[in-house]
Amino acid sequence: MSERPRRAVTLKPVAQSTTDGGKGAGEKKVTQKKGKKKGKLAAPLLTMPFDVLYEIGQHLTPGDLLHLSLTCKVLRVVLLGTSAKSLWTSARKRLNFPDLSQLAPMTEQQYANLAWGKGCQIADLPPDFHSSTPSCLVVTTSGWQRKVDRDTANDIAFRLIELHDEDDTERDLSCYKPSGTRSRRAQDRPANDGESPPSRVDDFVAERQEWIEAINQDAKSISAAYYAQDTERKQESRARAAIGRERRDDIEAKVQSLGYAGFFYHPLWWGSKIVNKKEPLSDTVWQEIKPAVLELLDTIQAKNHAEAAEYSERLRMRERKRSLQDAYQDLLKSTSQRDAASTSSARIPHSFPLFPNFLNLPTVMKFWEPKDSQGYDEDKWDARLPEIKADIDEYRVALRWSAIATILSSTTDAEPDYADDAYPSDIYDDDFLNRPTSYLFCTLRNCDRWWTPRDVFYGPLPELLKHQHSDEHFSIGIIEDGVDGGHFDIPDLLARTLGSILVAAGLDDNASKEELDATGKYVWKNAPLKSVKKKKLGWKELMIEVATATTRKKLEEPVIRSMRFGMLGKKEGDDVEEVEEKDDGEENDSGEEDASSGEEDEEEVPASDEDDQ
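Residues numbered from 1 in each chain as written. Predicted model: local features only at pLDDT ≥ 70, side-chain atom pairs only at ≥ 80, totals over all residues. Heavy atoms only, no water.

1. Here's the deal with the packing of helix α9 (residues 200-257) against helix α11 (residues 283-322)
It is at 11 Å that the axes of α9 and α11 come closest, and there the two elements cross at 65°. Classed by the angle they form, the pair α9 and α11 counts as roughly perpendicular. Along this stretch, α9 crosses α11, giving a crossing that reads as right-handed. Residue-level contacts link R247, I251, K254 and V255 of α9 to D283, V285, W286, I289, V293 and L297 of α11. Looking at the contact of α9 with α11 residue by residue, the class counts come to 7 nonpolar, no polar and 3 charged. (Axes fitted to C-alpha atoms, helices over the stretch in contact; angles between N-to-C directions. Helix = DSSP H or I, 4+ residues; strand = E, 2+ residues; numbered from the N terminus. Parallel < 35°, antiparallel > 145°, perpendicular 65-115°, else oblique. Left-handed = near helix turned anticlockwise from the far one by under 90°. Contact = heavy atoms within 4.5 Å. Nonpolar A, V, L, I, M, F, W, Y, C, P; charged D, E, K, R; others polar.)

In structure tokens, the structure reads:
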């Protein structure tokens, strides 16, 4: 029989003597130390006799005992003591884990921490768990992991050096015999006995090798035990899952006989603990859970009816929207013809709202938003047509205001001006909208996504609106929030990149497209794609690549090299980096290497201006 300690472990509150005039002498007031309150489970567990605690431990695994020993100091002292060795040994043998070799001595508690613990035995755990072996050994289900402690490895290295020095000393001494037994001439001649002295290094390595072989053999045994335990656990899990499936099938068959249907794939049904409990279903159990199951089914049916009604209304709303498409196309054509005949610059060509934005106009929403609306009605449409045209004109004015505010915000950091005459058409005219610093980036649904085969659109506002009308990316059921803003933007990274090009070329914000085209080619040195790094791009091509990359991932500040002006945005201390870029041997547009200036020159001179043009 296994040993059982006889003493019981209890916790007593700390008593402090207090003087109270209303109480008799010698009375003590019992107070508890400040700190965390004891849990409901801890107090009974700590006050019970150790024999009872021992019987409870007989039903625990070594992993459970290990976790229990980490709960409090009292259980730690009890479970990590030598008197609890038999408890750990019996728990380990119930799981068929082998005994370790005598060459790798460990206590049962250390063995449990090795096999079931999560930390490193040398670095992360208290001294009670430190193994007497000079390595941190961790066993996993996939095999044996051995991590040598740095201090232990250094000790072994120094020990090998010491043994090597001792071997050298003994070897030198063994080469010569005492002087009294040899002649004077023989004393100067080394002795040759034909045998070399034993090597302490070889003996140490052989001893370590024997220890490692024993460790590896233990590792194979523990890994096999792990695999067997894992296989048994999986079989038990499959058996419980089969019982749970059988229980759910029985419940579904019973409720189907009561007339319920259409609930098998609902999340509430699959997530119900009553239905999916891994226990057999008997008649008694069914009678107990039947009211709860029927209540769950009523809830699921109510949700199904609500979802079906919502889906039907969504389909009807979509049909009401589709009924307005023909009227939208007619109104778009008539407005385009009117804009072509007009010379006013207050309205930008192609600024007619896209169909989803058109549906969001207040007067148009009355045709499809109410549940009792019938969609397009010719009489109602003709009656509301003047109001619809007025809303369209307001939208076009708001679109122009939004574009100008976006441009000024990115180039001058100016706050939007909400006054009626904030952006007069004689100042912010077509020339303002067509300059490169006013180019906009299209933000339509599929125009700025990584899965599209084409590049994003980047250009002036009139061309951008024409692009959006020629290739709409909206589905009929998707409506953007708000009707005042357009689907465009100028990201900060894009604005800073163009600003660097303008500064390097000595141009201002009013530079034209032709002036920027004359600045030559550029190389994006830290582009996210290798194929882009090798390209020599014009300024607009470069901006499109940067805009496309910003839609895929968060980018760092672009590092751009001009074939004419060198590195853009160069700061103090960046001369070395520029020299390294020159030494890369990159070829210019004509296929020759870039011609660099002398050591005294600060800027790179192109080989030929015609090549850059």
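2. Notes on the sheet that holds strand β10 (residues 566-567)
Spatially, 3 strands are ordered β8-β9-β10 in an open sheet, and the strand pairing comes out antiparallel. In this open sheet, the two edge strands, each paired with only one partner strand, are β8 (522-524) and β10. Where β8 lies against strand β9 (residues 560-562), 3 bridges are found, and the strand directions are antiparallel. Bridge pairing links V523 to R561 in β9. Here helix α21 (residues 539-550) sits on the sheet and contacts β8 and β9; the angle it forms with β8, its principal contact strand, is near 15°. (Pairing = 2+ DSSP bridges.)

3. Let's talk about α11
Between the first and last C-alpha of α11 there are 56 Å, a value that for 40 residues agrees with the 58 Å anticipated at 1.5 Å per step. In α11, a bend of some 50° at I289 exceeds every other bend along the element, and P291, a proline, comes one to four places later. In the core, the buried residues of α11 are packed alongside α9, α10 (267-270), α12 (325-341) and α13 (355-359). (Expected span 1.5 Å × (residues − 1). Bend = angle between axes of the 7 residues up to and from the residue.)

4. A look at the nonpolar core
Membership of the largest hydrophobic core comes to 40 residues, with the highest contact counts inside it found for F358, V364, W381, I388, L440, L461 and L464. Elements that contribute at least two residues to this core include exactly α12, α13, α14 (362-365), α15 (378-412), α16 (430-434), β5 (440-442) and α17 (461-470). Residue contributions to this core peak at 10 residues, all from α15. Once residues within four sequence positions are removed from consideration, F358 is found in contact with Y328, L331, P353, V364, W381, I388 and I392. Judged by nonpolar contacts, the second largest core, of 26 residues, contains F441, L516, L542 and A549. (Core = buried A, V, L, I, M, F, W, Y, C linked by side-chain atoms within 4.5 Å. Buried < 20%, exposed > 50% of the residue type's maximum accessible area, 1.4 Å probe, protein only.)

5. Let's talk about the sheet that holds strand β6 (residues 458-459)
The strand order across the open sheet built from 3 strands is β6-β5-β7, with neighbouring strands paired in antiparallel fashion. Strands at the two margins of the open sheet, each flanked by one partner only, are β6 and β7 (488-489). The pairing of β5 with β7 spans 2 bridges and is antiparallel. Across the sheet, residue F441 finds its bridge partner in β7, namely D489.

6. Section: the packing of helix α3 (residues 62-69) against helix α6 (residues 108-116)
Where α3 meets α6, the closest approach of the two axes is 9 Å, and the angle between their N-to-C directions is 105°. Classified by the angle between their axes, α3 and α6 sit roughly perpendicular to one another. Of the residues in α6, those in contact with P62, G63 and L66 of α3 are A112, N113 and W116.

7. Brief notes about the packing of aromatic side chains
Throughout the structure, instances matching the rule amount to 15 aromatic pairs. Judged by centre distance (5.8 Å) and plane angle (55°), the ring pair of Y376 and W381 falls under tilted. Residue classification places Y376 among the partly exposed positions, given a relative accessible area of 33%. Judged by relative accessible area, W381 falls into the buried class, the value being 5%. An angle of 90° between the planes, with centres 5.5 Å apart, marks the rings of Y423 and Y428 as edge-to-face. Each member of the pair, Y423 together with Y428, is buried. Through pairs of rings, three or more aromatic residues link up here, namely Y328, F352, F355, F358, F367, Y376 and W381. Note that K321 overlies the ring of W368, its terminal NZ or CZ placed 4.6 Å from the centroid. Its end group placed over the ring of F367, R384 keeps NZ or CZ at 5.0 Å from the ring centre. (Phe/Tyr/Trp six-rings, centres within 6.5 Å; stacked < 30°, edge-to-face > 60°. Lys NZ or Arg CZ within 6 Å of the ring centre and 35° of its normal.)

8. Describing the confidence of the model for the protein chain
When pLDDT is averaged across the protein chain, the result is 74; 70% of the residues are at 70 or more. Within the model, pLDDT remains below 50 along residues 1-32, and this stretch shows 30 contacts once partners closer than five positions in the same chain are excluded. This stretch, residues 122-145, has a pLDDT under 50; its non-local contacts, to residues over four places away or in other chains, come to 67 contacts. (pLDDT = per-residue confidence, 0-100.)

9. What to know about the pattern of salt bridges
What the rule picks out here adds up to 14 salt bridges. When the shortest N-O distance is used, the salt bridge between K234 and D230 registers 3.4 Å. Of the two residues, K234 and D230 both sit in helix α9, 4 residues apart, roughly one turn of that helix. Within the structure, one salt-bridge network assembled from shared partners comprises R92, D99 and E108. (Salt bridge = Lys/Arg side-chain N within 4 Å of Asp/Glu carboxyl O.)

10. As for the environment of Q109
Its location among the elements puts Q109 in helix α6. Judged by its relative accessible area of 9%, Q109 is buried. The sequence separation of Q109 and L66 amounts to 43 residues, and the corresponding C-alpha distance is 7.7 Å.

11. Notes on the environment of I388
Looking at the element boundaries, I388 is found in helix α15. In this structure I388 comes out as buried when scored by relative accessible area, which is 0%. Here the alpha-carbon distance between I388 and L331, two residues 57 residues apart in the chain, equals 9.9 Å. The residues contacting I388, other than those within four sequence positions of it, are L331, F358, T363, V364, F367 and W381.

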